Amino acid sequence: MHVTRQKRIEALHALAAAGRWEDVYRQHVLFEFPHEMRMGFQLAFLRPFCDPEMAHVLVAAGRIAHSAQRRAYDTGIVIHEIIADGTDGARARQMIAHMNRQHHHYPAITPEQMTYVLAAFVAAPGRYVEREGWRPMLDVERQAASRFYDRLGELMGIRDRHTSYEHACQIVDDYEATNLRPNADTLELGDHLLRVLRDRLPWPVSNASGQIFASQINDSAVAHAVGLPGVNVPTRLLARAISGARRLVLPHLPAPTKPAFVPGQPAGPYTRGYDLSQIEKP
């Protein structure tokens, strides 16, 4: 392993020993696994689409169908703003207040479902890193993820929360075992998702966006719930080859020195950057 990457790992352990868990999580997301965490967050954002009850609420509200691509970017920006600033930061608190206002539009979402979605932000990205990451995930990184979303859940008024990384994974598994299945609403949301993916990917790769995303989900029940196709053998082999190449090459390259996300930076439709008031627009 490159010396700079080894030193970064040592620094993560030092931060954890000092109780600076949000700093551990910030380093984990913005420096150690930026590619993996972007995909992991997409897998977490996908979860409410797969539950017919939550999907019905989202479809009835009409917010996903309207400007789906912008909303996809906004959702990613919100969580990255909170991570970059820390849950006590001014920008983070503004985004948390924005999330709480948004959730008021969905009063039919139950406390159990909120607990599940919160846990999904621990479990889905973590499992993706464990499966596809360039190195094994550290125990301090698992603890940091659990602690970060426990604090975020507290600020969002979610009373029943996971108590550890393992507990978050169990909450997700238990909920999904009985609640994920396709219906008209989940399939409609899946169609909007595929449109966003096609717009983000270049031609001709965009034509295989469903296959590519399904291969990254690596969960047939989740993919089936939103109407994604089964993964064919060439796509599966290609995905494995890319992951293997990254695990072979990245450990020997210098650690990144710039964060993968900078507040206000250009992103998607915000080609000249953004301010938080734009993200707060309905």
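Just so you know, these numbers come straight off a predicted model, no measurement behind them.

Caption draft 1: Up close: the overall build of the protein chain. Within the protein chain, the regular secondary structure consists of 14 helices and 0 strands. Computed over C-alpha atoms, the radius of gyration of the protein chain comes to 18 Å, within 12% of the 19 Å expected from 2.2 N^0.38 for 282 residues, which places it in the range of a compact globule. Counting only C-alpha atoms and orienting by the principal axes, one finds that the protein chain spans roughly 50 × 45 × 40 Å. The buried share among the 282 residues of the protein chain stands at 49%. A separation threshold of at least 6 residues defines the contact pool for the protein chain, and within that pool the share at least 24 residues apart is 75%. Within the protein chain, one finds 32 positive and 30 negative side-chain charges whose respective centroids are separated by 6 Å.

Caption draft 2: Main features of the pattern of salt bridges. In the structure shown here, the tally under the stated rule is 17 salt bridges. Here Arg 91 makes a salt bridge to Glu 81, at a shortest N to O gap of 2.8 Å. With a gap of 10 residues between them, Arg 91 in helix α6 (residues 90-103) and Glu 81 in helix α5 (residues 68-85) connect regions that are remote in the sequence. Of the charged contacts, one joins Glu 154 and Arg 151 as a salt bridge, the two residues approaching to 3.0 Å between their closest N and O atoms. Placement of the pair is Glu 154 and Arg 151 together in helix α8 (residues 139-155), with a separation of 3 residues, close to one helical turn. Under the relative-accessibility criterion, Arg 151 is labelled partly exposed at 25%.

Caption draft 3: Seen up close, the side chain of Glu 176. If you trace the backbone, Glu 176 turns up in helix α9 (residues 165-179). Given a relative accessible area of 11%, Glu 176 falls into the buried group. Polar contacts involving the side chain of Glu 176 include one to the side chain of Tyr 116, which spans 2.7 Å. Not counting residues up to four positions away in its chain, the partners in contact with Glu 176 are Arg 47, Tyr 116, Asp 219 and Val 222.

Caption draft 4: Layout of empty space enclosed by the protein. On inspection of all chains with the given rule, the structure shows 1 cavity of 30 Å³ or more. There is about 30 Å³ of room inside the largest cavity. Taken together, Tyr 25, His 28, Met 37, Phe 121, Val 122, Pro 125, Gly 126, Met 137 and Ala 145 make up the full set of residues lining the largest cavity. For the lining of the largest cavity, the elements supplying multiple residues, two or more each, are α2 (21-32) and α7 (111-132). At 4 residues, the largest contribution of residues to the lining of the largest cavity is made by α7. The class makeup of the residues in the lining of the largest cavity is 7 nonpolar, 2 polar and no charged.

Caption draft 5: Representation of helix α3 (residues 34-50) in the model. The first and last C-alpha atoms of α3 sit 25 Å apart over 17 residues, in line with the 24 Å expected at 1.5 Å per residue. Of all the positions in α3, only Glu 36, Met 37, Met 39, Gly 40, Phe 41, Leu 43, Ala 44, Leu 46, Arg 47, Pro 48, Phe 49 and Cys 50 are classed as buried.

Caption draft 6: Structural detail: unusual backbone geometry. The backbone of Asn 218 sits at a positive phi, close to 55°, despite the residue not being glycine. Counting through the fold element by element, Asn 218 comes out in the loop between α11 (209-217) and α12 (220-225).

Caption draft 7: Seen up close, the nonpolar core. Membership of the largest hydrophobic core comes to 83 residues, with the highest contact counts inside it found for Tyr 25, Phe 41, Leu 46, Ile 82, Tyr 149, Leu 152 and Phe 213. Not counting the four nearest positions on each side in its chain, Leu 152 is found in contact with Ile 79, Ile 82, Ile 96 and Met 99.

Caption draft 8: Fine view of the packing of helix α10 (residues 184-200) against α11. One can describe the packing of α10 onto α11 by two numbers: an axis separation of 9 Å at closest approach and a directional angle of 105°. Between α10 and α11, the angle falls in the class roughly perpendicular. In this structure, α10 uses Leu 193, Leu 194, Leu 197 and Arg 198 to contact α11, whose residues at the interface are Ser 209, Gly 210 and Phe 213. Residue composition of the contact of α10 with α11, by class: 4 nonpolar, 2 polar and 1 charged.

Caption draft 9: Representation of the environment of Asp 85 in the model. Among the structural elements, Asp 85 can be located in helix α5. Along the sequence, Asp 85 and Pro 263 sit 178 residues apart, while their C-alpha atoms lie 8.5 Å from each other. In this structure Asp 85 touches Arg 26, Ala 90, Arg 91 and Ala 92, once residues within four positions along its chain are discounted. Polar side-chain contacts of Asp 85 include one of 3.2 Å to the backbone nitrogen of Ala 90.

Quick notes on the rules
Residues numbered from 1 in each chain as written. Predicted model: local features only at pLDDT ≥ 70, side-chain atom pairs only at ≥ 80, totals over all residues. Heavy atoms only, no water. Helix = DSSP H or I, 4+ residues; strand = E, 2+ residues; numbered from the N terminus. Rg over C-alpha atoms; globule rule 2.2 N^0.38 Å. Buried < 20%, exposed > 50% of the residue type's maximum accessible area, 1.4 Å probe, protein only. Contact = heavy atoms within 4.5 Å. Lys, Arg positive; Asp, Glu negative; His and termini not counted. Charge placed at Lys NZ, Arg CZ, Asp CG, Glu CD. Salt bridge = Lys/Arg side-chain N within 4 Å of Asp/Glu carboxyl O. Polar contact = N/O pair within 3.5 Å; in protein donor to acceptor, adjacent residues only side chain to side chain. 1 Å grid on protein atoms, 1.4 Å probe; cavity = no way out; pocket = protein on both sides within 12 Å on 5 of 7 lines; lining within 4 Å. Points joined across faces, edges and corners; volume = space filled by probe spheres on them. Nonpolar A, V, L, I, M, F, W, Y, C, P; charged D, E, K, R; others polar. Expected span 1.5 Å × (residues − 1). Core = buried A, V, L, I, M, F, W, Y, C linked by side-chain atoms within 4.5 Å. Axes fitted to C-alpha atoms, helices over the stretch in contact; angles between N-to-C directions. Parallel < 35°, antiparallel > 145°, perpendicular 65-115°, else oblique.

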